[in-house]
Number of protein chains: 2
Amino acid sequence: MTIVVATAGWSPTEWIDGLHAIDPARDVVAPEAMTDPAAVDYALVWKPEPGYLAGLPNLKVIFSLGAGVDHLTSDPALPDLPVVRIVDPDLTRRMTEWVVLQVLLHHRQQRAYDAQQQAKTWKSLRQWSAAEVRVGIMGLGVLGLDAARALASFGFPLAAWSRSPKTEPGIDCYSGEAGLAPFLARTDILVVLLPLTDDTRGILDARLVDGLAKDGPLGGPVIVNAGRGGLQVEDDLVAALNDGRLAGASLDVFVTEPLPATSPLWHAPNLTLTPHVAAESDPRALCRYVLGQIQAFERGEPLQNLVDRTRGY
Amino acid sequence: MTIVVATAGWSPTEWIDGLHAIDPARDVVAPEAMTDPAAVDYALVWKPEPGYLAGLPNLKVIFSLGAGVDHLTSDPALPDLPVVRIVDPDLTRRMTEWVVLQVLLHHRQQRAYDAQQQAKTWKSLRQWSAAEVRVGIMGLGVLGLDAARALASFGFPLAAWSRSPKTEPGIDCYSGEAGLAPFLARTDILVVLLPLTDDTRGILDARLVDGLAKDGPLGGPVIVNAGRGGLQVEDDLVAALNDGRLAGASLDVFVTEPLPATSPLWHAPNLTLTPHVAAESDPRALCRYVLGQIQAFERGEPLQNLVDRTRGY
């Protein structure tokens, strides 16, 4: 019942220690310490080397550390095994905190007030009520729904766009190719919580920016992306921020991470940038989640939050 | 049935226009345009000249523009008439937006990330969960309760302190002189929504700062004040920010407004400052509120949200 923890660019120690702290009897190893690949039943992975998982002949379940699974589905040799996504209340809450913070930062013109503070300028700016600022959420999974619930409590009129049709109380739901244009046209602040798939790669481009509401109260549309960097065409976003087609943006994810020092995003106007920390989860909570699923699986119960590999999320 | 609109340092035009738009038949005037003081039944006021209201012999009700009424109770000649406070859902929502934004800004270390962005530094900082950050609210009126409800939804452990004992589900309630020390000792982020009275003037001083939790996750306590500037001993707050007894602060109100250019608050470390805009309400919404109360009063119904002048709020 060995668990292997393969986390590229990230020490596995805290995961190994965290799992041991909850279940001391279980064998938990890093790839380097693994002596018998055939003994491995479970893999906890983050960006494993392509082909690595195919070398574990008795593997039963793959746990993806993080909400997205594109780091796995990009492996052409990914074994045909259940892939469990981390759906953790702690991770969801952290993501919602970040999204609400960034939406309020733009809605309340905090960056303009920051500049005024810097210049010792005392001046009140016209403040629209939340009821006048239309928020649109791309991606209506667990994270999108929780962010929607939190934003709705402030009174923002909410819409969402998803690949397949959905119905949610209090949310104006759009879907598919045909639903994208009308969704964008009524959106002042776009919150992006999409998975990265072949369909969504580069979706945040100049065309999308030009489709957002132009007549909104914020002087232009705003994009808040905590999904995946690969959704972004970053040159397009920089150009739109520079020429005012975008009034602002908050980005937590980037095509290349860490963001290279040469990127023009660092100093783009009215852009708030955080280093992929929107939903850095507490390892203790994730360890409890993974062991809980393993124990249920060993009792013969179904796994939760399985990835649909044909959809890629 | 004349209404006089006396708003010091603030043009009465939008109020007069706003009231006329709803009730064109009613006589609404600025003090300069008032020909007969005896014709005035209602006064909408913000910081009226001391003694001004005493010169209106048939005045029936005083409406205070803004949540606080210290600008009225400081008038020694204030007539013994009902004083109605503005309690407007729009104003409450705006205040809660500002409070949640500022609490999340500190909780999510946004200012540290801002500095990293400026320096093109990619580095994740240890992020505590909301369940580990104790928020305390001073003042449990309409505004305090709504802020508490919103903050509770993020999972912050909440306590509140008020003058008189209160009980609210999900909030650890402290009250009075004896309750202050234990309330402060368990508080990492202090949200201040107190009225300004003889009892609360200068309450945010060095002694209060030193009473806040020292062992919290944020590296020190944080103060968020949207109550009244007169609650603050500003030299004490600047000193505490400079020597690290306070890890941060967000202030929307100041002893002297506009804040003088000479104030050291403009550039105090980890201080976010906004120019008394946390709950600038929409004049249209306030006009509806005031006329609704006047119409109810003229039908013989009781006035809502009356100020208790012995308490001062």
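Refer to the structure above for everything that follows.
Residues numbered from 1 in each chain as written. Chains lettered and ligands numbered in written order. Predicted model: local features only at pLDDT ≥ 70, side-chain atom pairs only at ≥ 80, totals over all residues. Heavy atoms only, no water.

Chemist: Just give me the short version of the side chain of D146(A), but keep the residues and values in it.
Modeler: All names here are of chain A. Relative to the helices and strands, D146 is located in helix α5 (residues 142–152). Judged by relative accessible area, which is 17%, D146 ranks as buried. Of the polar contacts made by the side chain of D146, one reaches the side chain of T96; its length is 2.6 Å. Excluding residues that lie within four positions of it along the chain, D146 makes contacts with T92 and T96. (Helix = DSSP H or I, 4+ residues; strand = E, 2+ residues; numbered from the N terminus. Buried < 20%, exposed > 50% of the residue type's maximum accessible area, 1.4 Å probe, protein only. Polar contact = N/O pair within 3.5 Å; in protein donor to acceptor, adjacent residues only side chain to side chain. Contact = heavy atoms within 4.5 Å.)

Chemist: Tell me about the interface of chain A and chain B, and name the residues and values.
Modeler: If you look at the interface, chain A gives 49 residues, while chain B gives 49 residues. Together, the buried faces of chain A and chain B total about 4,300 Å²; carbon and sulfur atoms form 57% of this surface. Counting every contact that joins chain A to chain B gives six salt bridges. Linking D114(A) and R111(B) is a salt bridge whose minimum nitrogen-to-oxygen distance equals 2.8 Å. One can count 28 residue pairs in polar contact (both at pLDDT 80 or more) joining chain A with chain B. Broken down by secondary-structure element, the contributors of at least two residues to the side of chain A that touches chain B are α3 (89–107), α4 (110–118) and β12 (271–273) of chain A. Tallying contributions element by element places α3(A) first for the side of chain A that touches chain B, with 11 residues. (Buried area = accessible area lost by both parts, 1.4 Å probe. Salt bridge = Lys/Arg side-chain N within 4 Å of Asp/Glu carboxyl O.)

Chemist: Please set out the relation of the copies chain A and chain B residue by residue, giving values where relevant.
Modeler: Overlaying chain A on chain B yields an RMSD of 0.1 Å, the required transformation being a rotation through 180 degrees with an accompanying axial translation of 0.0 Å. What the superposition gives is, in effect, a two-fold axis relating one chain to the other. It is L101(A) whose C-alpha, among those of chain A, lies nearest the rotation axis, at 2.9 Å. Counting the interface residues of chain A, we find that 100% of their copies in chain B are interface residues as well, pointing to one common contact surface. (Least-squares fit on C-alpha atoms with pLDDT ≥ 70 in both.)

Chemist: Please set out helix α1 (residues 13–22) of chain B residue by residue, giving values where relevant.
Modeler: All names here are of chain B. Turning to α1, its buried residues number three or more, namely W15, I16, G18 and L19. Along the axis of α1, the buried positions cluster into a sector of 165 degrees, meaning they face one direction only. Against the buried residues of α1 lie β1 (2–7), β2 (28–29), β3 (40–46) and α9 (283–298). (Arc of directions from axis to C-beta.)

Chemist: Any chance you could break down helix α6 (residues 176–185) of chain B for me, citing the residues and the numbers?
Modeler: Every α-helix winds through 3.6 residues per turn, so residues three or four apart in the chain are directed the same way. All names here are of chain B. Of all the positions in α6, only G176, G179, L180, F183 and L184 are classed as buried. All buried residues of α6 lie within an arc of 125 degrees about the axis, which places them on one face of the element. For α6, the exposed residues lying more than 90 degrees away from the buried face are E177, A178 and A181. Buried residues belonging to α6 abut β6 (135–138), β7 (158–162), β8 (172–175), β9 (189–192) and α7 (206–211).

Everything listed here is a matter of coordinates, which is why it stays silent on function.
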